[in-house]
Amino acid sequence: MNIAIVGGGSTGLLLSAYLGKMGHAVTCYVRRSEQMERIQQHNGITLLPSKEKTVIEAKDVLDAGDHDIYIFCVKQPQLQEVVARIERKVRRDKPFLFLQNGMGHIRMLSELKRPIYVGVLDHGAKRIDDYTVLHTGKGSIRIGSYDKKDTEMLHQLITVLHHDDFPV
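First, a word on scope: everything that follows refers to the structure included in this document. (Residues numbered from 1 in each chain as written. Predicted model: local features only at pLDDT ≥ 70, side-chain atom pairs only at ≥ 80, totals over all residues. Heavy atoms only, no water.)

## Looking at the sheet that holds strand β4 (residues 52-54)
Quick reminder of the rule: If DSSP finds at least two bridges between two strands, the strands pair. Counting from the N terminus, the helices are DSSP H or I runs at least four residues long and the strands are E runs at least two residues long. Fitting a line to C-alpha atoms yields each axis, with helices limited to the stretch in contact; the angle taken between N-to-C directions then spans 0 to 180 degrees.
Here we have 4 strands laid out as an open sheet, ordered β4-β3-β10-β9, and mixed in their pairing. Pairing within the sheet leaves two strands with one partner each, and these edge strands are β4 and β9 (124-129). Each adjacent strand pair in this sheet contributes to an overall mean axis angle of 30°, direction not counted. Of the pairings in the sheet, the one linking strand β3 (residues 45-48) to strand β10 (residues 132-137) comprises 3 bridges and is parallel in character. If you follow leucine 48 over to β10, its bridge partner there is leucine 134.

## Brief notes about the side chain of glutamine 100
Applicable threshold: Only protein chains enter the accessibility calculation, which uses a 1.4 Å probe; a residue is then buried when its area is under 20% of its type maximum, exposed when over 50%, and partly exposed in between. In the analysis that follows, any N or O atom pair within 3.5 Å is treated as a polar contact, provided that within protein one partner can donate a hydrogen and the other can accept it, and provided that, for residues neighboring in sequence, both atoms belong to side chains. Pairs of residues are marked as contacts when any of their non-hydrogen atoms sit within 4.5 Å.
Tracing the backbone shows glutamine 100 in the loop between β7 (96-98) and α4 (106-109). Under the relative-accessibility criterion, glutamine 100 is labelled buried at 9%. Separated by 2.9 Å, the side chain of glutamine 100 and the backbone oxygen of phenylalanine 72 make a polar contact. Polar side-chain contacts of glutamine 100 include one of 3.1 Å to the backbone oxygen of valine 74. Not counting the four nearest positions on each side in its chain, glutamine 100 is found in contact with Phe72, Cys73, Val74, Gln76, Leu79 and His105.

## Focus: helix α1 (residues 10-21)
Along an α-helix, residues three or four positions apart point the same way, because every turn accommodates 3.6 residues. Heads up, the condition is: Given the number of residues in a helix, its expected span is that number minus one, multiplied by 1.5 Å.
When the terminal C-alpha atoms of α1 are compared, their 16 Å separation across 12 residues agrees well with the 16 Å that a helix rising 1.5 Å per residue should span. Looking at α1, one finds that the buried residues are Gly12, Leu13, Leu14, Leu15, Ser16, Ala17, Tyr18, Leu19 and Gly20. One or two residues past the end of α1 sits glycine 23, with phi positive at roughly 105°.

## Comments concerning the environment of leucine 14
Considering the arrangement of structural elements, one finds leucine 14 in helix α1. Dropping the residues within four chain positions of it, leucine 14 is found in contact with Leu47, His123, Gly124, Ala125, Val133, His135 and Phe166.

## Some remarks on unusual backbone geometry
For the bond from leucine 48 to proline 49, the omega torsion is 10°, close enough to zero to count as cis. For proline 49, the position within the fold is in the loop between β3 and β4. Positive phi values are uncommon outside glycine, yet asparagine 43 reaches one of about 60°. Positionally, asparagine 43 belongs in the loop between α2 (33-41) and β3. For lysine 51, which is not glycine, the phi dihedral falls at a positive 65°. Residue placement: lysine 51 occurs in the loop between β3 and β4.

## Quick word on the nonpolar core
Counted only if it meets this: Grouping buried Ala, Val, Leu, Ile, Met, Phe, Trp, Tyr and Cys residues that are joined through side-chain atoms within 4.5 Å yields what is termed a nonpolar core.
Within the largest apolar cluster, 32 residues are counted, with the highest numbers of intra-cluster contacts made by Ile5, Leu15, Leu19 and Ile71. Mapped onto this core, the elements with two or more residues apiece are β1 (2-6), α1, β2 (25-30), α2, β3, β6 (69-72), β11 (141-145) and α5 (151-161). The element best represented in this core is α1, accounting for 6 residues. Counting residues in hydrophobic clusters, the runner-up holds 19 residues, among them Val6, Val61, Val83 and Leu112.

## Notes on the environment of isoleucine 128
By the secondary structure assignment, isoleucine 128 is in strand β9. On a C-alpha basis, the gap between isoleucine 128 and glycine 9 in space is 9.6 Å, while along the polypeptide they are 119 residues apart.

Next up, the structure:
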């Protein structure tokens, strides 16, 4: 699957590392050019404590391309602006998955005319630097359909994203 991870914090780096390791084509969209360059220079993300390197692409969030799914891992204050920028560029049949702390973004989702999924991630992660993440606690990701539609696509996403080391 061709996956866009939007956000280069601890959650975005952790997802990028695991999903890339599983064989998905992952592009991590970040807002700082320094982080984009560091990920590119190091040819991806280093996952600790195993010290595994996962090859992914890194691009500026303004340059969002075509992907099968967009997973948003940005903080609440930046979410609306980032979603608006990407929403304009992406076909409406492409699903968005939101993994945020809290529920402040839920009202915004009703304005989006596409398949929308929300999720809870209960892994522990700590961003060490722009391209390194420490997996501090294994857990799982639970996702559901925002409007209780698209359940077939939901089941497909769960099947494709799930791995025993990184359960969905």
